[in-house]
Structures are given as C-alpha cells and as structure tokens.
Amino acid sequence: MHPSGSWPTLDVLPGIQARIVRAMPQLSPALDATVERHWHAAGQRHALFDGQVFSADRYASDRIEGHWTRYRRVVAAMADPALAGPLQVRSLAVCGVLCCPDGVVLGRRCAGSVYQPGLWQCPPAGSVDYGAALDDGADLHAALLAELQEELGLDAGTVDAIRPLCLVQHPTGVLDLGMQVMTRLPGAAVLAAHHAHGNGEYDALAVVPVADALGWVAAQGGTAVPTVHELLRRIR
C-alpha cells in the first residue's frame, strides 16, 4: 500500500473476492440516535433507501473481509467522517473504468448527489449492496454490472472483459474497488445509452482518448475524485 495524499491505494489481484466474516455490530442508544439524526437530515434533501451494503473490516490484494451494514450508517459516516470508527463502517464501492474503442468514459456527478456532488469520476460507481449477495460474501462483478445498467443504461452483453485494478480509500472511509471494463461499443453508443436509459446520476459524460485522460482530468481544475487518477494510471 502507498499513500496518494490522504487516499491510500493498494493494487489488487485478478481474483479478488469479498467475504462476509461477521454480523453487523450493535450500536449504543446514543450512537444510534446520532445515526438517526444524520439520516433524517439527509432524507430532507434526497430520496434514500436504507438497504444493506457491504462494509469492509480489512482488506488485502486478494480478499476483502467485512459485514453487511445499514446504508443509514454509511450516510452518517459520510456526513461526519469521525463516526466511521465508532460505527465500524467502511463502505465498499465498485468503480468501473469504462473503456471503449474511442477512449475512457468519465462522468460528472449531478449536483443533487448524496456523495461528492459535481465531481468527475469513472462511471459506473456505487456501493456493493445486498443485490450482489452470495452465501458467504458478495459478487463484485455482479455489483459492477448492476451499476453499469442503472447508471449508463448498458447491459452485461455489452461488456467484453472486466479487470480489477486497485483499492482506494477515501478520507470518509469509503473504499473504492476500481475495475477496468472493456466494451466494443463506440463512444457515441455509450453516450446514447446514457441519455436514453441512465438514471441521472451523471449530468455529463465525456469520452476521452486514453493517452489524454490524465491531462483532461487535470484540466478540470481539481473537480475530479482522487480515485480517478489512480485508476487511469492503471488501465491498458
């Protein structure tokens, strides 16, 4: 692992797995009340669903171990990162680096996003939720493909290959698993699918030649999630 500012980064192996190793921890009444306060405040601004998401307790290049937690706890930790430790949450997110013949796809999160509004990132991206649950863990590819369908309107049949890249931890405790996603679709088809079937998570998409991608991100004046830099350095 090496530091990327305050965003530690770890290269991962192709067969990395996510495994459930314990139950969701109980909270004290006081801590539960704090979570409820943050959840209520966020609910005043966004339509939220308190589903179960994967929380990583520890991780290595080949394995992520954790537990299922409630999304309300993740929202509370996003609002106040000091709560991540007491709540024992480190939300695991999948982040796809979508590469098409024209280049790499980048998306700007809409201003109404719960997390990181207005920032450029590599779509699709989202928490690993219970829809990807296995008997003893989570199917990371299934989680990524679900986000691809939901956010960009592209189904699994458009994907030629998926290659895990690295894990990047946010200061808020969110843990991104970056995976390169290869598609034969031209950039124009990706943009058309997003326009017709995307869920509005991104208010703008750009398809940038791979050789120009890091420079393009730098030209956005610091409005890109730092994870993007680490992922673009690793694509091929």
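See the structure above.
Residues numbered from 1 in each chain as written. Predicted model: local features only at pLDDT ≥ 70, side-chain atom pairs only at ≥ 80, totals over all residues. Heavy atoms only, no water.

Let's talk about the overall build of the protein
Looking only at helices and strands, the protein has 7 helices and 12 strands in total. The C-alpha radius of gyration computed for the protein amounts to 17 Å, which stays within 12% of the reference 18 Å derived for 236 residues, consistent with globular compactness. Reported as C-alpha extents along the three principal axes, the dimensions of the protein are approximately 55 × 35 × 35 Å. Here the analysis covers contacts within the protein between residues at least 6 apart in sequence; of these, 71% occur between residues at least 24 apart. Of the roughly 10,400 Å² that the protein leaves accessible, carbon and sulfur atoms contribute 54%. For the protein, the distance from the average site of its 17 positive side-chain charges to the average site of its 23 negative ones is 5 Å. (Helix = DSSP H or I, 4+ residues; strand = E, 2+ residues; numbered from the N terminus. Rg over C-alpha atoms; globule rule 2.2 N^0.38 Å. Contact = heavy atoms within 4.5 Å. Areas by Shrake-Rupley, 256 points an atom, 1.4 Å probe, with all protein chains shown as cover. Lys, Arg positive; Asp, Glu negative; His and termini not counted. Charge placed at Lys NZ, Arg CZ, Asp CG, Glu CD.)

Some thoughts on the state of the cysteines
Taken as a whole and assessed by the stated rule, the structure comprises 0 disulfides. Not part of a disulfide, Cys95 finds its nearest cysteine sulfur in Cys122, a span of 7.7 Å. Residue Cys95 is classed as buried on the basis of its relative accessible area, which comes to 7%. No disulfide involves Cys110; its sulfur sits 16 Å from the nearest other cysteine sulfur, which is in Cys95. (Disulfide = S-S within 2.5 Å. Buried < 20%, exposed > 50% of the residue type's maximum accessible area, 1.4 Å probe, protein only.)

Describing the nonpolar core
In terms of nonpolar packing, the biggest core is built from 56 residues, with Phe54, Leu92, Val97, Val128, Leu167 and Leu232 touching the most fellow members. Residue contacts for Val128: discarding those within four places in its chain leaves Val53, Phe54, Trp68, Leu92, Ala93, Val94, Ala138, Leu140 and Ala143. Membership of the second largest hydrophobic core comes to 10 residues, among which are Tyr71, Ala93, Tyr115 and Val174. (Core = buried A, V, L, I, M, F, W, Y, C linked by side-chain atoms within 4.5 Å.)

A short note on helix H1 (residues 29-43)
Over its 15 residues, H1 runs 21 Å from end to end, which matches the ideal 21 Å to within 8%, given 1.5 Å per residue. The elements touched by buried residues of H1 are helix H2 (71-79) and helix H3 (84-87). (Expected span 1.5 Å × (residues − 1).)

A closer look at helix H5 (residues 187-197)
Buried within H5 we find Gly187, Val190, Ala193 and His194. Taken down its axis, H5 places every buried residue within 125 degrees of arc, on the same side. What points out from H5, more than 90 degrees from its buried face, is the exposed set Ala188, His195 and Ala196. Where the residues of H5 are buried, they touch strand E5 (92-100), strand E6 (103-109), helix H4 (140-152) and strand E12 (202-208). (Arc of directions from axis to C-beta.)

What about the packing of aromatic side chains?
All told, the structure shown has 4 aromatic pairs when counted by the stated rule. Ring centres 6.1 Å apart and planes at 90 degrees place the aromatic pair Trp39 and Tyr71 in the edge-to-face group. Here Trp39 is found in helix H1, whereas its partner Tyr71 is found in helix H2, with 32 residues between them in sequence. Each member of the pair Trp39 and Tyr71 is classed as buried. (Phe/Tyr/Trp six-rings, centres within 6.5 Å; stacked < 30°, edge-to-face > 60°.)

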